Amino acid sequence: MADVNSVDILGVLDLPATGQRAIYVNKRGELQFFVRPISTVPEDLIRVSKFTGFGSGLSEYFEDEPSESNEQRCKKLEDFLRDKVLLFKVEIQKKSRDEIYHVATNVRIRPRSELYRPNQTFIPTPVYSRARHHHSYQEFRRLLMEGRPIGRIDNISSKKNDTPEFVLWRHDDGRYAVFGPFRHHEYAYGGFRLQWDGLPRVLEVFEPRWLVDCYEAEDTVLFIPVEACDDMKRTFEAHAESFHIGHSDDAGEDAKAEMVSSEAEFLKHFEDVTRAMGLQYSACDLCNFHISMKTSSLTILAGLTGTGKSSLVHAYAKALGERHILKVIPVEPSWTDSDDLLGFVDLQHMIYRPADNGLVDVLVQAARREDQERLYIVCLDEMNLARVEHYFSKFLSVLERDPADRRLRLYNPELQSRLYNGHLYPPEIEIGNNVLFAGTVNLDESTHHFSDKVLDRATVIELDVLPFGALLGEISVSPSQVEWTAETYNLEFRTTNQVTAMKQRELDLLWSMHQAMQQVSRRLGIGVRTVRQLDLFLRNIPVGAALNREDALDRLLCQRVFTKLRGSIDVLAPLIKDGEIPEERGALLRTLHDFSDIGQFPRSHRVLTMKWMELQANGYTV
């Protein structure tokens, strides 16, 4: 989410009533003045009536002469600013608990329009274009229609209550199109995801008169006078054209085909990279891993030692391209809390000491705007050597939130100004959609088993071992050097459409399983969070992928539902007891049989059979 200090605000010199000073020289001998906002401001600043400016911030536009008298200096600056407007950002400075300054920074001076009137108000409106956001006009329309992120504009407020009513598209020839109206929004790595207020509509003819008294910031925000906005709304209501989600115009179909071929091309390249690295995985396994990485908060690879779990994560990062960062963190058995993974504040020396593994440095880098085009893949190797729910606890809480609200707290914000390296390590780090988490586990006597808290938030994939005969057919592959940007990954590979993809029979299957599990133990069952995650996975199956829907649902039951079947034979036998007579089988096996019209579920049958064999041999299963 765009921070308050990155938002552009439009203002003018605050000229107070007679007898008060608009500009004065402060105790440090520096010119100081007040700016009154004339544009709407973010909800966090709604109660701020004026902002403090300093003459040193105007050096590009105004030359101060300290040798002159204070009165002369103030008069010259007042004369200079009287017919100007100021574009600025805000820095909030806390002098004490009760003393807060809102300082105007990054000030840019613009000549005041001849049409400007006192007490005029301007509405900041987002402006999208091919030059700044790298969409074609057709692609921009498609993203809006599908309710997907349309790109970042960080110099406009993205707070919950600051939803823009309209957004503009600027064509290469300078013409504008108006889209709206919008009621709500979300804001994450991919930028605004807007919800329409009624039918999606567009006004292709933008009247030149609406631009006469406007001011622009960084080619991404247009400050429009409220009177022009009102006129634009009236014209929009009378002449805007409706268009619909799923509208199959030629441009939209072409854009969809480009999206599908791009992800299909990546999956083929991913397969080539794994072959070149000597890894033997089926196309379905690779597709399953890819979908999990783009939809799950945490993807855990399980299996026998030597099956190439860590290498698969390396291959995924390599397939995405060299610009992206892979950080592999070996987990230590001695880790007991988040300090072992992240670091801690050394209060004796007043310094933040990040953990030696370098994770915090990677997360700080990933949060920088200049690094948003990179994906950062964090892999916790052998992550169950220590208890995941202990050392990874902060992440488990953060990663279940909406991407716009994922902020990882390192320490108390009140300590930042007192820490020597507080400017390098902020108290909170935004975990955006450009950070992906994976882990590898070995299930043996030296490791810990996952708690339900972890399993609720993770996809556990047990990789298949292909027949060894495939090794005889190995061919040396030299995959081409191809790169996919983080924007492509988040805006094209990821489907954020909120329409439920699961069919009624699939939901009935999950509900039947939930009821059966609840009858044997109140701690077992399928939560709403899990159902939504299964639905998100199914929505993100690429068109034409090797993994079909029936196989995907079968895998999801194994990866997200059956992982929590742990306990004694007395508890689990009613669920997974196997046998030749169908009527005597466990409730889950009978449920799979009852829903054979939507799938044969071979993996699910195999997993439940293996668990039943463990119960018979050991009296329990993990």
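Nothing here was measured: the structure is a model prediction, and the numbers come from that model.

Caption draft 1: Just the environment of His 449, in detail. Turning to its location among the elements, His 449 is positioned in the loop between β21 (435-441) and α12 (452-455). With relative accessibility at 39%, the residue His 449 sits in the partly exposed group. Residues His 449 and Arg 387 lie 62 residues apart in sequence; the distance between their C-alpha atoms is 7.8 Å.

Caption draft 2: Up close: the sheet that holds strand β14 (residues 298-302). The strand order β15-β18-β21-β14-β22 describes an open sheet built from five strands, whose pairing is parallel. Edge strands, defined here as strands with exactly one partner in the open sheet, are β15 (325-330) and β22 (458-462). Within this sheet the neighbouring strands show an average axis-to-axis angle of 20°, counted without direction. Bridging between β14 and β21 involves four bridges; their strand directions are parallel. Bridging across to β21, Leu 301 finds its partner in Thr 440.

Caption draft 3: Looking closely at unusual backbone geometry. Cis geometry is found at the peptide bond from Gly 180 to Pro 181, where omega equals -15°. Residue Asp 219 is not a glycine yet carries a positive backbone phi of 60°. Within the secondary structure, Asp 219 sits in the loop between β11 (215-217) and β12 (221-225). Its identity as a non-glycine residue notwithstanding, Met 350 has a phi of 50°, on the positive side. Summarising the element assignment, Met 350 is placed in the loop between β16 (343-346) and β17 (351-354). Its relative accessible area of 16% is what places Met 350 among the buried residues.

Caption draft 4: Fine view of the packing of helix α16 (residues 549-561) against helix α19 (residues 602-618). At a minimum axis distance of 7 Å, the contact between α16 and α19 shows a crossing angle of 25°. With respect to α19, the axis of α16 lies roughly parallel. Contact residues: Asp 551, Asp 554, Arg 555, Leu 557 and Cys 558 in α16; Pro 602, Arg 603, Ser 604 and Val 607 in α19. When grouped by side-chain class, the residues that make up the contact of α16 with α19 number four nonpolar, one polar and four charged.

Caption draft 5: Spotlight on the confidence of the model for the protein. On average, residues of the protein carry a pLDDT of 86, and 91% of them reach 70 or more. Ignoring residues within four places in sequence, the model shows residues 245-260, a span with pLDDT below 50, making 13 contacts including any to other chains.

Caption draft 6: Examining the packing of aromatic side chains more closely. Throughout the structure, instances matching the rule amount to 29 aromatic pairs. Between Phe 392 and Phe 437, the ring centres sit 6.0 Å apart and the planes meet at 70°, which makes this aromatic pair edge-to-face. You can see Phe 392 sitting in the loop between α10 (388-391) and α11 (393-398) and its partner Phe 437 sitting in strand β21, a full 45 residues away along the chain. Owing to a relative accessible area of 1%, Phe 392 belongs among the buried residues under this scheme. Note on Phe 437: relative accessible area 4%, which makes it buried. Grouping aromatic residues by their ring pairs yields a cluster made of Phe 266, Phe 270, Phe 289, Tyr 316, Trp 484, Tyr 489 and Phe 493. A cation over a ring is seen here: Lys 50 above Phe 34, with NZ or CZ 4.4 Å from the ring centre. Cation over ring: Lys 84 sits above Phe 80, and NZ or CZ is 4.3 Å from the ring centre.

Caption draft 7: Representation of the pairing of β22 within the structure. Counting buried positions along β22 gives four out of five residues, so the element sits mostly inside the fold. In this sheet, β22 lies alongside β14 in parallel orientation, the contact comprising five bridges. From the neighbouring strand, Leu 298 faces β22, where its bridge partner is Ala 458.

Caption draft 8: Spatial organisation of the nonpolar core. One finds Tyr 316, Leu 565 and Leu 575 to be the most contacted residues of the largest nonpolar core, which totals 65 residues. In terms of residue count, the dominant contributor to this core is helix α7 (residues 309-320) (seven residues). What Leu 565 contacts, discounting residues up to four positions off in sequence, is Met 517, Leu 524, Leu 572, Leu 575, Ile 576, Leu 588, Leu 608, Lys 611 and Thr 621. One finds Leu 359, Val 360, Ala 366 and Val 441 within the second-largest nonpolar core, a separate group that totals 46 residues.

Caption draft 9: Expanded view of α19. Taking 1.5 Å of rise per residue, 17 residues should cover 24 Å, and α19 covers 24 Å from first to last C-alpha, within 8% of that figure. Close packing links the buried residues of α19 with α6 (283-295), α16, β23 (567-568), α17 (569-576), α18 (587-594) and β24 (620-621). Among the residues trailing α19, Gly 619 stands out with phi positive, at a value near 85°.

Caption draft 10: View of α6. In this model α6 runs 18 Å from its N-terminal to its C-terminal C-alpha over 13 residues, within 8% of the 18 Å that 1.5 Å per residue would give. Of all 13 residues making up α6, twelve are buried, and the element is well covered by its neighbours. Where α6 is concerned, the buried positions are Cys 284, Asp 285, Leu 286, Cys 287, Asn 288, Phe 289, His 290, Ile 291, Ser 292, Met 293, Lys 294 and Thr 295.

Caption draft 11: The arrangement of the pairing of β21 in detail. The buried fraction of β21 amounts to seven of the seven residues, a majority that puts the element mostly inside the structure. The alternating pattern of β21 places Val 435, Phe 437, Gly 439 and Val 441 and Leu 436, Ala 438 and Thr 440 on opposite faces, both of which are buried. Where strand β18 (residues 376-381) lies against β21, five bridges are found, and the strand directions are parallel. Across the sheet, the residue bridging to Tyr 376 is Val 435, located in β21.

Caption draft 12: Examining the packing of α17 against α19 more closely. Running from N to C, α17 and α19 cross one another at 150°; their axes reach a closest spacing of 10 Å. Where α17 crosses over α19, the two elements pack in a sense that is left-handed. Within the contact between the two elements, α17 uses Ile 569, Leu 572, Ala 573 and Ile 576 and α19 uses Leu 608, Lys 611, Trp 612, Leu 615 and Gln 616. Looking at the contact of α17 with α19 residue by residue, the class counts come to seven nonpolar, one polar and one charged.

Thresholds applied
Residues numbered from 1 in each chain as written. Predicted model: local features only at pLDDT ≥ 70, side-chain atom pairs only at ≥ 80, totals over all residues. Heavy atoms only, no water. Helix = DSSP H or I, 4+ residues; strand = E, 2+ residues; numbered from the N terminus. Buried < 20%, exposed > 50% of the residue type's maximum accessible area, 1.4 Å probe, protein only. Pairing = 2+ DSSP bridges. Axes fitted to C-alpha atoms, helices over the stretch in contact; angles between N-to-C directions. Parallel < 35°, antiparallel > 145°, perpendicular 65-115°, else oblique. Contact = heavy atoms within 4.5 Å. Nonpolar A, V, L, I, M, F, W, Y, C, P; charged D, E, K, R; others polar. pLDDT = per-residue confidence, 0-100. Phe/Tyr/Trp six-rings, centres within 6.5 Å; stacked < 30°, edge-to-face > 60°. Lys NZ or Arg CZ within 6 Å of the ring centre and 35° of its normal. Core = buried A, V, L, I, M, F, W, Y, C linked by side-chain atoms within 4.5 Å. Expected span 1.5 Å × (residues − 1). Left-handed = near helix turned anticlockwise from the far one by under 90°.

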